[in-house]
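Each chain, letter by letter, is given below.
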Amino acid sequence: MLYISLRQYEYVCAIGRHGSLSAAALHLNVSQPALSNALTRVEEQLGYPLFARRRGAAMALTPQGRSFIDEAEALLASAARLENATDIDAGKTRLRLGCFVDLAPFLLSRALRQLRVQMPDVAITYRVDSFEGLISGLIDGRIDLALTYGLSMDASFTQQTLFTSTPHALLAPDHPLAAQSDVSLQDLAAYPLILSEEGLSAQHVLGLFRQIGENPTVAHRAASLEIQRSLAAHGEGVAISYANPPADISYDGMPLLSLPVSNPFTAEPVVLARHGTGPSDAQIATAEQALSDLKP
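Below: a short report on this structure. (Residues numbered from 1 in each chain as written. Predicted model: local features only at pLDDT ≥ 70, side-chain atom pairs only at ≥ 80, totals over all residues. Heavy atoms only, no water.)

### Structural notes on the packing of aromatic side chains
The geometry of an aromatic ring pair is captured by the separation of the ring centres together with the interplanar angle, meaning the angle of the planes. Our working definition: A pair of Phe, Tyr and Trp rings is counted when the ring centres sit within 6.5 Å of each other, with Trp represented by its six-membered ring. The angle between the planes then sorts it: under 30 degrees is stacked, over 60 is edge-to-face, the rest tilted. In this description a helix means any DSSP run of H or I spanning at least four residues, a strand means any run of E spanning at least two, and both kinds are numbered starting from the N terminus. A simple rule labels every residue: compare its accessible area, found with a 1.4 Å probe on the protein chains alone, to the largest value its type can have, and call it buried under 20%, exposed over 50%, or partly exposed in between.
Using the criterion set out here, one finds five aromatic pairs in the structure. Considering the side-chain rings of Tyr-149 and Tyr-242, the 5.6 Å spacing of their centres and the 55° angle between planes classify their relative orientation as tilted. On the criterion of sequence distance, the pair formed by Tyr-149 in strand β5 (residues 145-149) and Tyr-242 in the loop between β10 (238-241) and β11 (257-260) is long-range, its members being 93 residues apart. For the pair shown, Tyr-149 and Tyr-242 are each scored as buried.

### Things to note about the packing of helix α1 (residues 6-18) against helix α3 (residues 32-46)
This is how the line gets drawn: A fitted line through C-alpha atoms serves as each axis, taken over the contacting stretch for helices, and the angle formed by two N-to-C directions is quoted from 0 to 180°. We call two directions roughly parallel when the angle between them is under 35 degrees, roughly antiparallel when it is over 145, roughly perpendicular when it lies between 65 and 115, and oblique otherwise. The contact definition used throughout considers only heavy atoms, calling two residues in contact when any of these lie within 4.5 Å.
For the pair α1 and α3, interaxial distance at closest approach is 9 Å and the crossing angle is 105°. In terms of orientation, α1 lies roughly perpendicular with respect to α3. Together, Gln-8, Tyr-11, Val-12 and Ile-15 of α1 and Ala-34, Leu-35, Ala-38, Leu-39, Arg-41 and Val-42 of α3 make up the contact between the two elements.

### Quick word on the pattern of salt bridges
So the rule is basically this: The term salt bridge refers to a pairing of a side-chain nitrogen on Lys or Arg with a carboxyl oxygen on Asp or Glu at a separation within 4 Å.
On inspection of all chains with the given rule, the structure shows seven salt bridges. A salt bridge links Arg-7 to Glu-10; its shortest N-O distance comes to 2.6 Å. With Arg-7 and Glu-10 both in helix α1 and three residues apart, this pair spans about one turn of that helix. For Glu-73, the salt bridge goes to Arg-17, with nearest N and O atoms at 2.9 Å. Here Glu-73 is found in helix α4 (residues 63-84), whereas its partner Arg-17 is found in helix α1, with 56 residues between them in sequence. Overall, Arg-17 belongs to the partly exposed group, its relative accessible area being 27%. Overlapping salt bridges bring together Arg-17, Glu-73 and Arg-142 as one network.

### Remarks on the sheet that holds strand β12 (residues 268-275)
Filter applied, for reference: The criterion for strand pairing is that DSSP finds at least two bridges linking the strands in question.
Spatial strand order, β4-β3-β5-β12-β6: five strands in an open sheet with mixed pairing. If you trace the sheet from one side to the other, it starts and ends with β4 (122-129) and β6 (157-165), each paired once. Taken over all neighbouring pairs, the strand axes of this sheet differ in orientation by 20° on average, direction set aside. Both β5 and β12 contribute to a ladder of four bridges, which runs antiparallel.

### Here we look at the environment of Ile-143
The residue Ile-143 is located in the loop between α6 (131-140) and β5 in this model. Remark: the alpha-carbon pair of Ile-143 and Arg-274, spanning 131 residues in sequence, is separated by 8.3 Å. Filtering out sequence-adjacent residues up to four positions away, Ile-143 remains in contact with Arg-96, Leu-97, Gly-98, Arg-127, Gly-133, Leu-134, Gly-137 and Leu-138.

### A short note on the sheet that holds strand β9 (residues 218-222)
Strand order in the open sheet formed by five strands is β9-β8-β10-β7-β11, and the pairing between neighbours is mixed. Each edge of the open sheet carries a strand with a single partner, namely β9 and β11. Mean inter-strand twist for the sheet, computed between neighbouring axes without regard to direction, equals 30°. Relative to β10, strand β8 (residues 193-196) runs parallel, the two sharing two bridges. The residue of β10 that forms the bridge with Leu-193 is Val-238. Of the strands in this sheet, β7 (168-171), β8, β9 and β10 touch helix α9 (residues 225-233), which is tilted by about 175° from β8.

In structure tokens form, the structure reads like this:
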């Protein structure tokens, strides 16, 4: 009999990846009490703690906790493969593609089409996730390749640059900077910012300002690009985003301007990444070649 559910495994693994109940709850879009209850039930069933809890510090994995999560991640990966299997794809080899959430509306459909044309005998599945989710997915083998920005990836990853993306400032037509053809970080530093709720994305943007010695006010941290756009259109501040939809109105019908940020050092590569630095196998190499000319 199974005493620990797959959902409880997922919750505990998320806590381990993100280091806190609050960050894991945000990533999974569930309540902190739900995660806490799941962790308590799992630890009670196992009979030993998975995390060392210290007030004011991140939840550190115990040695038993690290071993448990390694095995739980493998179990979840196996379950995902079974769940995604279909009669049509039976017998096919499988390629698992990941895509950063803000890039997905621009790149994912094109990528899937190119892969399916070039690799008709391979079953292609995909996962849209945050930076942290993609990195952990690549490391534990739940994702083979990821379309993402190169943020936070170390030398243990192989990255192929597909193109370079320039950030844009999104603002209302009556904003004081609206008459300019582009804006600099120095221009923007005087105005409240609307950043992404995604941690590494927000840290990256604030890091750009720190490079010029500025520490701007953050007015909002938005859960999606379209919320950023709507807040900017209503004059709540300036949104800064590397994703730039070709539309001059927000979802709620408000006019919106998008001005490129002129500082050259803000440009960021969009990459096709995999875990490991050695030669890839034949299937991964074919996929990398199929996506080598991918553009938005």
